[in-house]
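Fold and geometry: a report
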Amino acid sequence: MADVTVYRASWVLPMAQPPIANGAVAVDGDRITYVGAAHGAPGGTVIDLGDAALMPGLVNVHTHLELTPLRHLLEGLDFAQWIRTLTHLRKSELADPADVEVGARIGIAEGLLRGITTYADTSDTAAPIMRAMASMGVRGVVYKEVFGPDPLQCAASLAQLRDAVRELRAMETNVVRVGVSPHAPYSVSKALFGAVASYAIAEELPMAVHLAESAFEEDLVVRGSGPYAENWRSRGIDPDGARARSSVALLYEAGALRARPLIVHAVRVDADDIALLAKSGCAIAHCPVSNARFGHGIAPVREMLDARLRVGIGTDSVASNNRMDVLDEARVAHLMACTQTQSWRTFPSALALWHATEGGGQALGLWDGVGVLRVGAPADLCAFPLDGLAAMPLADVHDALVHGVAGSPARLTVAAGEVKVRDGVTVDQRRHSEDQDRFRLIGNRLVDVRLHMSL
Ligand SMILES: [Zn+2]
């Protein structure tokens, strides 16, 4: 019994069942062994969180941890300029994998301070991100990106991906997994989408795709026009090779929906697209802040849920969101859904919170029990204070969390049974301050380069 830790709080939110007043969660090793009333909890070391909401660790279904050092550096750019500037800065200033790893560790530290214990990361570099996840002790999947708009590049791009995945697989653990990501319709040919999907299915690799995000992407796919089409033509690539009724239809025709990908963004989708995604067993990474910042629009979440699509909430990179805060993202998701449907009720705060936890775990579909508190589930927990003014008076714990407490530091974050954050502070302060010192140097260098860049 000595190894059992019992976390008590005024409210426990298991997600899979109704909230429990004066509840407790017991943890033995990396597993949950009890969820229920505090008075019925087993013996062990008691950590009393007081007036707080204890719930599953938050699940971030879309991040780009390698871009953490680029936060605040790409403001005011349109999407095409943003991608160009980001690519330039990454290649010229973030070539050292050690710098990328430090940036990813800082990104994860920020997430842990906001209760995030699971990260679904899309990455070009991949290996430093896996190392960062493993060393920070968090759960995650790294979808290794692959690019190649020219159909003639297909075999070479696939071969490169295979080589990279072979190395990354050696770094896999029970909690850090590898996946693949054919990047987006404006950077990947139809042939490559199909080839990567076949590879993912054969190798049982999860897959993620940025899809139906911008008007420029729609111009390329639907009409063969716009800046991406011009860029393709200037490189001798025929944009007609990417033509389809919609981006979702393009993936379907390429055979890529067979891999049941996690579809990131899905802003520009109609009823037929949603039905096709649902029928194909895909899931959605809903990134409302990033979509809003670029002016891409609001993803039709209510229609997606009505079609029984699995939906999780993602922040996207801090280069397009500026924050790594899933609880705050859930608040924005709620507000956007209200705006879009002109109704308070279509995406209530309890549902937004569910998508930030259990819904996210289901969308990823990689680990049993992620995003819920139940016996046998992984011991990934977070707790937020309810004794601050923003939570008072406490009428409904979900509303208080999503609308009042969102944006606050977590009172507790536990990843795989290990306490990472207590009272809003990282537990391993020594390592955290070393990372911060190095991150500051990287950041200063990037700011200097950015200020002298002409676009
Ligand atoms: Zn993204």
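Each residue is numbered by its place in its chain's sequence as written, counting from 1. Only residues with pLDDT of at least 70 are given local features in this predicted model, and only at 80 or more are side-chain atom pairs given and counted; all residues enter the totals for whole chains, interfaces and linings. Note that the side-chain values use all heavy atoms of the structure and ignore hydrogens as well as water.

1. Some details on the domain arrangement of the chain
Annotation comment: domain bounds sourced from an automatic or database domain assignment. Per the domain assignment, the segments making up the chain are domain 1 (4-56 + 374-423) and domain 2 (58-364). Distance between the C-alpha centres of domain 1 and domain 2: 30 Å. Throughout, a contact is declared for two residues whenever any of their heavy atoms are within 4.5 Å. Between domain 1 and domain 2, the contact holds 25 residues from the first and 23 residues from the second. In this description, buried area is defined as the sum, over both parts, of the accessible area (probe of 1.4 Å) that is lost when the two are combined. For the pair domain 1 and domain 2, the two sides together bury roughly 2,000 Å², of which 67% comes from carbon and sulfur.

2. Description of the pattern of salt bridges
A pair is scored as a salt bridge if a Lys or Arg side-chain nitrogen falls within 4 Å of a carboxyl oxygen belonging to Asp or Glu. On inspection of all chains with the given rule, the structure shows 35 salt bridges. The salt bridge partner of Glu-110 is Arg-71, with a shortest N-O separation of 2.7 Å. Pair noted here: Glu-110 is in helix 2 (residues 97-113) and Arg-71 is in the loop between strand 6 (58-63) and helix 1 (79-93), with a separation of 39 residues, a long-range link. Exposure classes here rest on a 1.4 Å probe applied to the protein chains alone. A residue is buried below 20% of its type maximum, exposed above 50%, and partly exposed in between. In this structure Arg-71 comes out as buried when scored by relative accessible area, which is 18%. Where Lys-190 meets Glu-253, a salt bridge forms, and the shortest distance between an N and an O atom there is 3.2 Å. With Lys-190 in helix 5 (residues 190-203) and Glu-253 in helix 8 (residues 247-254), the pair connects residues that are 63 residues apart, well separated along the chain. For Glu-253, a relative accessible area of 45% gives the class partly exposed. Salt bridges sharing common partners tie together Glu-93, Asp-96, Asp-99, Arg-438 and Arg-445. Helix and strand labels come from DSSP, where a helix needs a run of H or I of at least four residues and a strand needs a run of E of at least two; each type is numbered from the N terminus.

3. Details of the nonpolar core
With 139 residues, the main nonpolar core has Leu-54, Leu-70 and Leu-401 as its most contacted residues. Top element by residues in this core is helix 2. It accounts for 8 residues. In terms of domain composition, this core takes at least three residues from each of domain 1 (4-56 + 374-423) and domain 2 (58-364). The next biggest cluster of nonpolar side chains, apart from the first, holds 16 residues, and it includes Val-59, Val-61, Ala-208 and Cys-287. What makes a nonpolar core is a set of buried Ala, Val, Leu, Ile, Met, Phe, Trp, Tyr and Cys residues whose side-chain atoms join them at distances within 4.5 Å.

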